[in-house]
Amino acid sequence: MPTRWSLTIDCAHPARLAEFWALALGYAPKPPPKGFGSWEEWFAHYDVPEEEWDDGAYLSDPDGDGPALSFMKVPEPKAGKNRLHLDVQAGGGREVPWEVRWPRVLEALARLTAAGATIVHEYEAQGRPDHYIMADPEGNEFCLL
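Residues numbered from 1 in each chain as written. Predicted model: local features only at pLDDT ≥ 70, side-chain atom pairs only at ≥ 80, totals over all residues. Heavy atoms only, no water.

**A short note on the sheet that holds strand β5 (residues 86-88)**
Sheet strands line up and pair through hydrogen bonds in the backbone, either parallel or antiparallel.
Then, number 1: With mixed pairing, four strands are arranged side by side in an open sheet as β5-β8-β7-β6. One side of each edge strand has no neighbouring strand; the edge strands of this open sheet are β5 and β6 (118-125). Going across the sheet, the axis of each strand differs from the next one's by a mean of 25°, ignoring polarity.
Then, number 2: Two strands pair when backbone bridges link them, and β6 and strand β7 (residues 128-135) are joined in this way by seven bridges, in the antiparallel orientation. Across the sheet, the residue bridging to Ala125 is Arg128, located in β7.
Then, number 3: On the sheet, helix α1 (residues 14-25) packs against β5 and β8 (141-144) and is oriented at approximately 50° with respect to β5.
Then, number 4: Each of β6, β7 and β8 is contacted by helix α3 (residues 98-114), which is oriented at about 25° to β7, the strand it contacts most. (Pairing = 2+ DSSP bridges. Helix = DSSP H or I, 4+ residues; strand = E, 2+ residues; numbered from the N terminus. Axes fitted to C-alpha atoms, helices over the stretch in contact; angles between N-to-C directions. Contact = heavy atoms within 4.5 Å.)

Take a look at the structure:
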């Protein structure tokens, strides 16, 4: 039986970064745990100080297939290149013909740059564009393919 896992991203602004990644991945805010009507109710129940209530944000895959994502506020800025990154396969993956895949990538590129992402590098393969290295609004690198 596989072990369930989630991914936590350290950041300066959890709610804003979660909003970006919800757009990028088609995720939704994670509902509060069972038995609680809101995250605030859960925080209060577990005596989390109110000044810490906005120190995190949580996303989940609406279909329940992908891992949960957490965004945790940290005081220090990002330093250096990520050792782990996401591949956002907006085009459907390389098994999708380039003529179908690339317009999807370009649509996602426009949407994500409008939401605050930046292009770090465009890669080519076989004489045509293949994928982008990008950075989210806080500088975390990811691939768009």
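Okay, back to it.
**Observations concerning unusual backbone geometry**
Then, number 1: The phi dihedral of Asp47 falls on the positive side, at around 55°, and the residue is not glycine.
Then, number 2: Residue position: Asp47 is located in the loop between α2 (39-45) and β3 (56-60).
Then, number 3: On the basis of relative accessible area, Asp47 is assigned to the exposed category, the value being 67%. (Buried < 20%, exposed > 50% of the residue type's maximum accessible area, 1.4 Å probe, protein only.)

**Describing the pattern of salt bridges**
Then, number 1: Taken as a whole and assessed by the stated rule, the structure comprises five salt bridges.
Then, number 2: Here Arg111 makes a salt bridge to Glu107, at a shortest N to O gap of 3.2 Å. Placement of the pair is Arg111 and Glu107 together in helix α3, with a separation of four residues, close to one helical turn.
Then, number 3: When salt bridges that share partners are traced, they join Arg94, Arg101 and Asp130 into one network. (Salt bridge = Lys/Arg side-chain N within 4 Å of Asp/Glu carboxyl O.)

Nothing here speaks to function; it is all geometry.
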